Amino acid sequence: MKKKRPGLQDVANQVGVTKMTISRYLRDPSQVSAALGSKIAVALDELGYIPNRAPEILSNATSKAIGVLLPSLTNQVFAEVLRGIESVTDSHGYQTMLAHYGYHPEREEMRLTSLLSYNIDGLILSERNHTERTRKMIEVAGIPVIEIMDSASPCLDLAVGFNNYDAAYQMTKEIIRSGHTHTVYLGARQDERTVIKLQGYQQAMREFGLEPRSICTDRSSSYSLGCELLKEARRVYPDTDSIFCTNDDIAIGAAFECQRQGLHIPKDMAIAGFHGHDIGQSMEPKLTSVLTPREKMGQVAAERLLARLRGETVTPKMLDLGFTILQGGSI
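These numbers were taken from a predicted model, which means no experiment stands behind them. (Residues numbered from 1 in each chain as written. Predicted model: local features only at pLDDT ≥ 70, side-chain atom pairs only at ≥ 80, totals over all residues. Heavy atoms only, no water.)

A. Quick peek at the pairing of strand β8 (residues 242-245). Every second residue of β8 is oriented toward a common face, with Ser242 and Phe244 on one face and Ile243 and Cys245 on the other, all of them buried. Inspection of the sheet shows strand β6 (residues 183-187) paired to β8 by four bridges, in the parallel sense. Paired with Leu186 across the bridge in β8 is Cys245. Pairing of β8 with strand β9 (residues 270-275) involves three bridges; the strand directions are parallel. Within β9, the residue paired with Phe244 across the bridge is Ala272. At this point the chain moves from β8, through helix α10 (residues 248-261), to the parallel β9, and the crossover so formed is right-handed. (Buried < 20%, exposed > 50% of the residue type's maximum accessible area, 1.4 Å probe, protein only. Helix = DSSP H or I, 4+ residues; strand = E, 2+ residues; numbered from the N terminus. Pairing = 2+ DSSP bridges. Right-handed = clockwise from strand over helix to strand, strands pointing away.)

Below, the structure is given as structure tokens:
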């Protein structure tokens, strides 16, 4: 059951002005004094006020729409997640309202404000790292929320995913057991999952008495970035004999650079990726990677969300769909 969202009158009561004054401020903050504007802004934040674009008569109605916030629209991972979500929402007569925030929590907050203003019935999020205002708006909205892509990090409501830490830990052990002991972790974006994978890699390296090494950047993933990161790894750590990449894009780019440099894979340079994309299974040698259940994750997240909307009890709170080490010839 959705909570009653704070309205203009609630904000006006808290500030001690008329509803018309609040409306005027929302249309153009310069129409009120700076001091009053500051008080209104504080009240809006404290109450978690969300503008409602739906007609007032429909403000408590069911929209039959699910909000989906994705960090990237170019990353194949999220394209497959979205396909899984829509395979379920479409069959149940729900629309998906999609927003992209580029891995920035502040932009996620802005996009969420817009989605909630359309009176969505439920929400699917891709991160665990949210601003305080984002958390407040979700609390005020009172709608079911599912966070995807990880099954171990604390969640707001429900979660569906896999254990990024354990996946990286297990893959690193596979690399070491194959005889490669100078392994460097290559990371991009520096989002929460990239950092969690780095931690799993570091744990495995230390358990084998090896020195963890990493080359990371906040730039977005691409094949060309993979080329650059491999060159940087070899420059900083000349004895590098293997790399574990935060995703397959980086891994495949690194493989291209190995070919340019005349390095044999895996004899001279072992390479492991993450997510198990088809392109990695089409290269020679096939890329060893962590196969993750992207489409299934989208399907299960949507199914659990719709079950909650039907008033059903959904357990467990965090659902782990697992992962598979996809053995190729690259390590």
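B. The arrangement of the pairing of strand β7 (residues 213-216) in detail. Because side chains alternate across β7, one face comprises the buried residues Arg213 and Ile215, and the other comprises Ser214 and Cys216, none of which is buried. By the bridge criterion, four bridges tie β6 to β7 in an arrangement that is parallel. Paired with Val184 across the strands is Arg213, a residue of β7. Read from β6 through helix α8 (residues 192-207) to β7, the crossover connection turns out right-handed.

C. Focus on the confidence of the model for the chain. Put simply, the chain has an average pLDDT of 93, and 95% of its residues get 70 or more. Long-range and interchain partners of residues 55-60, a stretch whose pLDDT sits below 50, account for four contacts in this model, where long-range means more than four residues apart. (pLDDT = per-residue confidence, 0-100. Contact = heavy atoms within 4.5 Å.)

D. Seen up close, helix α3 (residues 34-47). Counted at 1.5 Å a residue, the expected span for α3 with its 14 residues is 20 Å, and the 20 Å between its end C-alpha atoms agrees. Along α3, the residues classified as buried are Gly37, Ile40, Ala43, Leu44 and Leu47. Relative to the axis of α3, the buried residues are bounded by an arc of 125° and lie together on one face. Exposed and facing more than 90 degrees away from the buried side of α3 are Ala34, Ala35 and Lys39. Among the residues trailing α3, Gly48 stands out with phi positive, at a value near 65°. (Expected span 1.5 Å × (residues − 1). Arc of directions from axis to C-beta.)

E. The sheet that holds β6, seen in detail. Pairing is mixed across the open sheet formed by six strands, whose spatial order is β7-β6-β8-β9-β10-β12. What marks the edges here is a single partner per strand, and that holds for β7 and β12 (324-326). Ignoring which end each strand starts from, the neighbouring axes of this sheet average 20° apart. On top of the sheet, α8 reaches β6, β7, β8 and β9; it is set at about 175° to β6, its chief contact. (Axes fitted to C-alpha atoms, helices over the stretch in contact; angles between N-to-C directions.)

F. Seen up close, the sheet that holds strand β3 (residues 122-125). Reading across the sheet, the six strands line up as β2-β1-β3-β4-β5-β11 and stay open at both edges, with parallel pairing between neighbours. What marks the edges here is a single partner per strand, and that holds for β2 (95-100) and β11 (318-320). Across the sheet, the axes of successive neighbouring strands diverge by a mean angle of 20°, strand direction being ignored. Here three bridges tie strand β1 (residues 65-70) to β3, and the two strands are oriented parallel to one another. Residue Gly67 lies in a different strand from β3, and its bridge partner there is Leu123.

G. The nonpolar core, seen in detail. Membership of the largest hydrophobic core comes to 43 residues, with the highest contact counts inside it found for Ile148, Met149, Phe244 and Met297. Put simply, the parts of the chain that give this core at least two residues each are β1, α4 (76-89), β4 (145-148), β5 (158-161), α7 (164-177), α8, β9 and α11 (294-309). Top element by residues in this core is α11. It accounts for seven residues. With near-sequence residues (within four places) excluded, Met149 lies in contact with Val77, Phe78, Val81, Ser126, Val160, Gly161, Phe162, Asn164, Arg193, His275 and Met297. Counting residues in each nonpolar core, the second largest holds 23 residues, with Val184, Ala233, Ala251 and Ala255 among its members. (Core = buried A, V, L, I, M, F, W, Y, C linked by side-chain atoms within 4.5 Å.)

H. Representation of the packing of helix α2 (residues 19-27) against α3 in the model. Closest axis-to-axis distance for the α2/α3 pair is 11 Å, and the angle between their directions is 95°. As summarised for this structure, α2 and α3 are arranged roughly perpendicular, according to the angle between their axes. Listed contacts from α3 to Thr21, Ile22, Tyr25 and Leu26 of α2 are Leu36, Gly37, Ile40, Ala41 and Leu44. Taken together, the residues of the contact of α2 with α3 sort by class into seven nonpolar, two polar and no charged. (Parallel < 35°, antiparallel > 145°, perpendicular 65-115°, else oblique. Nonpolar A, V, L, I, M, F, W, Y, C, P; charged D, E, K, R; others polar.)

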